[in-house]
Amino acid sequence: MSDPAELLALARTRGDACLERWERLVALETPSGDADLAAVFGKELAAGLAPTADRVEHPPGPGGDHLVAHWPGRSADAGHVLLVAHSDTVFPAGTVAGRPFTLAEDGDTVTGPGVFDMKGSLVAVELAMDLLARTGGAPSRPVRLLVVNDEEIGSPDGSRLVAAHADGAVAVLGLEPPLPGGVLKTGRRGVARIRLSVRGVGAHAGLDAAQGVSAIDELVDQLAALRAVAAGLPDAALNVGTVSGGTRANVVAEHAEAEIGLRYATPETEQALLAAAREPRAVRPRAVLSARTLSHRPAWARDPENPLAAELVALGGPLGLDLSCGTSGGAGDTNLTGALGIPTVDGLGPDGAGAHSEDEWASLSSLLTRGALLASYLSRD
Ligand SMILES: [Zn+2]
């Protein structure tokens, strides 16, 4: 195992190089779904990983190429460690022109679109591999880095790669930003989006109201029923994000629909809540309901005994990190690996705050320490 003090000291000499790299990755904008920009970014990232990686692949997807990089381990036949990251951000192309990458006067606080979520994390991985190469260390097990390009829209394509590359992994390290204060994530609430559509029977609201079946009335009753189910379950949350339907006040609405967001912290709550949302029963016999699952991430229930987390916390000590763990209210790609029971810890990206907002910032010194932490973990015996 590489010496933690040596890794940290070396990381601290790489500050300027990391800043330059960070600025470069932020300048190459990556809004989810833009295949051309994803290709440019993927090429740049591959170039940064090439000096240390064994090989870099670009599996294609509808939003452009994803990226997978491989490093050999000292013991070749051991199961691999999977690093999970994403290249896309929530910011449209052109954002960086008005809000460029900036280092504050304190010499540590970095701002700009995607610095925290999660371009700093990608720099930290490059740094970790560079540190290992420079200290003559090698990962103890084979390492795979998966960078999907559609995480911010729920990984509609990337999740198949997460599942494929998690197969055979002994540990999964998520590079998402940490909880406030650098706290690691050892559990995540799951989330699903469901579109509930109702078809009623249109009629004149004054003359033939009895002939009609109001799709809107049915929808309102369905939403109230689902709200009651959610209220009766532990750690469940429901948000009706959109509602639409009907045409005018003197017409019994023939159609109505809602997009519903569901969140759940445990598999039990997930099952009960999803069953209620996916198999609604019409209150009005002539109303026709259909529920479509638009996206789904399973609950990753927190295990207080997570041995991977314990290992990372112990490795943080010599690096001056007083790490702790918590549950994330939001979902991500590690929901899948955590739910599969593969030892998983997320939140290994640099400290900061304000993801998805104009106030987004991240810490350079934290990026350097996280790079050393990753190198320390990957090279441990
Ligand atoms: Zn993210």
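As the structure is a computational prediction, the values presented were derived from the model and not from experiment.

Parameters and conventions
- Residue indices begin from 1 for each chain and proceed along its sequence in written order.
- The model is predicted, so local features are restricted to residues of pLDDT at least 70 and side-chain atom pairs to those at 80 or more, both for listing and for counting; the totals for chains, interfaces and linings are taken over all residues.
- To obtain the side-chain values, all non-hydrogen atoms of the structure were used and water was disregarded.
- Strands are runs of DSSP state E lasting at least 2 residues, helices are runs of H or I lasting at least 4, and numbering of each runs from the N terminus.
- The rule is simple: take the accessible area with a 1.4 Å probe, protein chains only, and divide by the maximum for that residue type; under 20% is buried, over 50% is exposed, in between is partly exposed.
- Pairs of residues are marked as contacts when any of their non-hydrogen atoms sit within 4.5 Å.
- Each accessible area is a Shrake-Rupley result for a 1.4 Å probe, and residues are judged covered by the shown protein chains and nothing else.
- Neither His nor the chain termini are counted; the positive set is Lys and Arg, and the negative set is Asp and Glu.
- Charge coordinates come from a single atom per side chain, which is NZ of Lys, CZ of Arg, CG of Asp or CD of Glu.
- Two strands make a pair as long as DSSP finds a minimum of two bridges between them.
- Definition used for salt bridges: Asp or Glu carboxyl oxygen within 4 Å of a side-chain nitrogen of Lys or Arg.
- Each axis is a line fitted through C-alpha atoms, and for a helix only the stretch in contact is used; angles between axes span 0 to 180 degrees, taken between their N-to-C directions.
- Convention used here: angles under 35 degrees read as roughly parallel, angles over 145 as roughly antiparallel, angles from 65 to 115 as roughly perpendicular, and any remaining angle as oblique.
- Here a crossing is called left-handed whenever its near helix is offset anticlockwise from the far helix by less than a right angle, and right-handed whenever the offset is clockwise.
- Charged means Asp, Glu, Lys or Arg here, nonpolar means Ala, Val, Leu, Ile, Met, Phe, Trp, Tyr, Cys or Pro, and polar covers whatever is left, Gly included.
- Here a donor is any nitrogen, oxygen or sulfur atom (N, O, S) within 2.8 Å of the metal, with 3.2 Å used for Na, K and Ca; water is not among the atoms considered, so some sites may look incomplete.
- The rule is simple: four donors are tetrahedral if all their angles sit between 85 and 135 degrees, four are square planar and six octahedral if opposite donors span more than 155 degrees and the others lie between 65 and 115, and anything that fits none of that is irregular.
- Distance and chemistry together define a polar contact, namely a pair of N or O atoms within 3.5 Å, with one atom able to donate a hydrogen and the other to accept it when in protein, and with adjacent residues in sequence counting only for side-chain atoms on both sides.
- Just so you know, the domain bounds were taken from an automatic or database domain assignment.
- Buried area is a sum: the accessible area each of two parts loses on coming together, probed at 1.4 Å, counted once for each and added.

### Points about the overall build of the chain
- For the chain, the count of helices and strands is eleven helices and 18 strands.
- Seen along its three principal axes, the alpha-carbon backbone of the chain occupies a region of about 85 × 45 × 35 Å.
- Expressed as a percentage of the 381 residues in the chain, the buried residues total 50%.
- For the chain, the share of sequence-separated contacts (at least 6 apart) that also reach a separation of at least 24 residues comes to 80%.
- For the chain, the accessible surface area stands at approximately 16,000 Å², while carbon and sulfur atoms represent 52% of it.
- Averaging the positions of the 31 positive and the 48 negative side-chain charges in the chain gives two centres separated by 5 Å.

### Comments concerning the pairing of strand β7 (residues 171-174)
- Of the two faces of β7, the one carrying A171 and L173 and the one carrying V172 and G174 are both buried.
- Bridge count for strand β3 (residues 81-86) against β7 is four bridges, and the pairing is parallel. Bridged to V81 within β7 is A171.
- Relative to strand β16 (residues 344-345), β7 is paired through two bridges, and the arrangement is parallel.

### Here's the deal with the side chain of D351
- The residue D351 is located in the loop between β16 and β17 (352-353) in this model.
- One buried charge, D351, has no salt-bridge partner; the nearest side chain with opposite charge is R370, at 5.9 Å.
- Beyond its immediate sequence surroundings of up to four residues, D351 is in contact with F116, P178, L179, G181, G182, W361, A362, S363 and S366.

### Observations concerning the packing of helix α2 (residues 15-27) against helix α5 (residues 115-134)
- At a closest axis distance of 9 Å, the pairing of α2 and α5 adopts a crossing angle of 135°. Between α2 and α5, the angle falls in the class oblique. In terms of crossing hand, the pair formed by α2 and α5 is right-handed. Across the interface between the two elements, C18, R21, W22, L25 and V26 from α2 touch V115, K119, G120, L122, V123, E126 and L127 from α5.
- Among the residues making up the contact of α2 with α5, the classes are represented as eight nonpolar, one polar and three charged.

### Examining the sheet that holds strand β18 (residues 361-363)
- What the four strands build is an open sheet, ordered β4-β5-β18-β17; its pairing is antiparallel. Across the chains shown, the open sheet's two edge strands, defined by having one partner strand only, are β4 (102-103) and β17.
- Relative to β18, β17 runs antiparallel, the two being bridged by two bridges. When the sheet's bridge partners are listed, A353 is paired in β18 with W361.

### Examining the environment of V123
- Inspection of the secondary structure puts V123 in helix α5.
- Contact partners of V123, with chain neighbours within four places excluded, come to C18, R21, W22, L25 and L367.

### Side note on the coordination of the zinc ion
- For the zinc ion, the protein coordination sphere consists of H86 (NE2), D117 (OD), E176 (OE) and E176 (OE), at 1.9 to 2.8 Å.
- Coordination at the zinc ion comes from four donor atoms whose angles at the metal span 51 to 148°, giving a geometry best classed as irregular.
- The class for H86 is buried, based on a relative accessible area of 1%.

### Digging into the side chain of E29
- Within the secondary structure, E29 sits in the loop between α2 and α3 (35-49).
- Within the buried core, E29 has no salt-bridge partner, and the shortest N-O distance to an opposite charge, that of K119, equals 7.5 Å.
- There is a polar contact of 2.7 Å between the side chain of E29 and the backbone nitrogen of G94.
- Separated by 2.8 Å, the side chain of E29 and the backbone nitrogen of V96 make a polar contact.
- Apart from residues no more than four positions distant in its own chain, E29 is found in contact with L37, P92, A93, G94, T95, V96 and K119.

### Notes on the domain arrangement of the chain
- Once the domains are mapped, the chain shows domain 1 (4-188 + 301-379) and domain 2 (190-297).
- Here the C-alpha centroids of domain 1 and domain 2 sit 38 Å apart.
- Contacts between the two partners involve eleven residues from domain 1 and, on the opposite side, six residues from domain 2.
- For the pair domain 1 and domain 2, the summed buried surface comes to about 570 Å²; carbon and sulfur atoms form 46% of the total.
- Counting the contacts that link domain 1 with domain 2 gives two salt bridges.
- We note a salt bridge from R297 to D333, for which the minimum N-O separation is 3.0 Å.
- At the boundary of domain 1 and domain 2, one finds five residue pairs in polar contact (both at pLDDT 80 or more).

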